[in-house]
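# An overview of the molecular structure
Chain by chain, the residues:
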Amino acid sequence: MPEGDTIFRTARSMGRALTGKPVTVFRSTYPLLTRSNDDTPIAGQFVERVEARGKWLLIHFSGGGTLITHMLMSGSWHIYRHGERWQQPRTNMRIVIENSDFVTVGFRVPVAEMHTAQSLMRDRRIPNPAMDVLSPEFNAEEAIRRVAVLGNEEIADVLLHQEVLAGVGNVFKSEICFVTGLNPFCRVSALTQEQVRAAIAAAQKLVGANVLVDSGDTIVTYGGRQRRTTHESDPSASLWVYGRNGEPCRKCGERVRRRIQGPDARVTFWCQRCQPMPDGSDVDG
Ligand SMILES: [Zn+2]
């Protein structure tokens, strides 16, 4: 599943490609989108804004409609110049939005709906910007309170709840726990408020830093970048613990551990020495 920083970058690149020019072509293989486009054609409208909300990408059109897409595991948006060869087969195409300069293609985007401002506000799946670690409107104090009420859950699982903290994906989950010294399997009730505060600050910092490494005006197509939470340039060495099972911890040399965690069976990496449980118990990995 794409991480919040990936969706954010996709939104920014799509925004650069699409805003300020009239849409010349809109088409989709989804009957509901086609019907909506027949009733209120998108062609001729402007894209006012492209926005990331958690793992949702929102494209706001000047006619008042908003196209929302969620990539789940399989979907991606690509940006091409006219005539440029697509990197996926045409059969994977679900949505095409064109203007005079660019062709943006949603490949295998499994969720795509057209909304009004009202239906968007009512849709509880779309996180409020105040919950999104990448939003300027992010409210850390509210986020601390939302984490604190989930006392029985393990901190790494809680970091993944989009209705608690939008924008943190599975890679960042492990990295945030490592840089704050928190054991990912520790229940929230065993953490101090300062520890929760530190985890949320680390989420903002790490996810935010990955958005900033983007280079100027370059259009970035979804999915091709390495996430970086250390300062090394070798991509295979760009993370603290994620994907490093059995390798030495970058801080203490202990073996990095790996374990499946939570109701969704997501993989977690950690260093037991740098991230001890508060009661000193061991977690097998
Ligand atoms: Zn360590």
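Residues numbered from 1 in each chain as written. Predicted model: local features only at pLDDT ≥ 70, side-chain atom pairs only at ≥ 80, totals over all residues. Heavy atoms only, no water.

Tallying secondary structure elements over the protein gives seven helices and ten strands in all. By sequence separation, contacts in the protein at least 24 residues apart represent 61% of the contacts at least 6 residues apart. Carbon and sulfur atoms form 50% of the exposed surface of the protein, whose accessible area is close to 13,300 Å². (Helix = DSSP H or I, 4+ residues; strand = E, 2+ residues; numbered from the N terminus. Contact = heavy atoms within 4.5 Å. Areas by Shrake-Rupley, 256 points an atom, 1.4 Å probe, with all protein chains shown as cover.)

Overall, the predicted model of the protein reaches an average pLDDT of 88, with 89% of residues at or above 70. Counting interchain partners and residues more than four positions distant, the pLDDT-below-50 stretch residues 214–226 has 26 contacts. (pLDDT = per-residue confidence, 0-100.)

In terms of nonpolar packing, the biggest core is built from 32 residues, with Val133, Val147, Ile155, Leu165, Val168, Ile176 and Ile200 touching the most fellow members. Those elements giving two or more residues to this core turn out to be helix H4 (140–148), helix H5 (155–160), helix H6 (170–179) and helix H7 (193–212). Considering every element that reaches this core, the biggest residue donor is H7, with eight residues. (Core = buried A, V, L, I, M, F, W, Y, C linked by side-chain atoms within 4.5 Å. Buried < 20%, exposed > 50% of the residue type's maximum accessible area, 1.4 Å probe, protein only.)

Here we take up the sheet that holds strand S6 (residues 93–98). Across the sheet, which stays open at both edges, the four strands sit in the order S1-S6-S7-S5 with antiparallel pairing between neighbours. Of all the strands in the sheet, just strand S1 (25–28) and strand S5 (76–81) have a single pairing partner and so form its edges. Going across the sheet, the axis of each strand differs from the next one's by a mean of 15 degrees, ignoring polarity. Both S6 and strand S7 (residues 102–107) contribute to a ladder of five bridges, which runs antiparallel. Residue pairing for S7: Ile97 is matched across the bridge by Thr104. (Pairing = 2+ DSSP bridges. Axes fitted to C-alpha atoms, helices over the stretch in contact; angles between N-to-C directions.)

Take the coordination of the zinc ion next. Bound to the zinc ion are the protein donor atoms Cys249 (SG), Cys252 (SG), Cys271 (SG) and Cys274 (SG), situated 2.3 to 2.4 Å from the metal. Taken in sequence order, the residues that donate to the zinc ion follow the motif C-x2-C-x18-C-x2-C. Residue classification places Cys252 among the partly exposed residues on the basis of a relative accessible area of 26%. (Donors = N, O, S within 2.8 Å, 3.2 Å for Na, K, Ca; no water.)

What follows covers the packing of aromatic side chains. Remark: the centre distance and the inter-plane angle together describe each pair of aromatic rings, the angle taken between the planes. Counted according to the given criterion, the structure contains six aromatic pairs. Both rings, one in Tyr80 and one in Trp86, keep their centres 6.3 Å apart while their planes meet at 15 degrees; by these two values the pair is stacked. For the residue pair Tyr80 and Trp86, the accessibility class agrees, reading buried in each case. With centroids separated by 4.9 Å and ring planes inclined at 70 degrees, the aromatic side chains of Phe185 and Trp270 adopt a geometry described as edge-to-face. With Phe185 in the loop between H6 and H7 and Trp270 in strand S10 (residues 266–270), this residue pair connects regions lying 85 residues apart in the sequence. Of the two residues, Phe185 and Trp270, neither departs from the other in class, the shared state being buried. By way of ring pairs, the aromatic residues Tyr80, Trp86 and Phe107 are connected into one cluster. (Phe/Tyr/Trp six-rings, centres within 6.5 Å; stacked < 30°, edge-to-face > 60°.)

What follows covers the layout of surface pockets. Here the largest pocket defines a volume of roughly 370 Å³. Forming the boundary of the largest pocket are 14 residues, of which Met121, Asp123, Ile126, Pro127 and Asn128 lie nearest the centre. With four residues, helix H3 (residues 117–122) is the largest single contributor of residues to the lining of the largest pocket. Split by residue class, the lining of the largest pocket holds six nonpolar, two polar and six charged. (1 Å grid on protein atoms, 1.4 Å probe; cavity = no way out; pocket = protein on both sides within 12 Å on 5 of 7 lines; lining within 4 Å. Points joined across faces, edges and corners; volume = space filled by probe spheres on them. Nonpolar A, V, L, I, M, F, W, Y, C, P; charged D, E, K, R; others polar.)

Pairing is antiparallel in the open sheet, where four strands are placed in the order S2-S3-S4-S8. Every other strand in the sheet has two partners, leaving strand S2 (47–53) and strand S8 (111–115) as the edge strands with one partner each. The mean inter-strand angle of the sheet, taken between neighbouring strand axes irrespective of direction, is 15 degrees. Bridge count between S2 and strand S3 (residues 56–61): six bridges; the pairing is antiparallel. Residue pairing for S3: Arg53 is matched across the bridge by Trp56.

To continue, consider the pairing of strand S9 (residues 257–261). By the bridge criterion, five bridges tie S9 to S10 in an arrangement that is antiparallel. Directly across from Gln261, in S10, lies its bridge partner Arg266. Between S9 and S10, which pair antiparallel and follow one another directly, the connecting turn spans four residues, one of which, Gly262, has a positive phi of 85 degrees.

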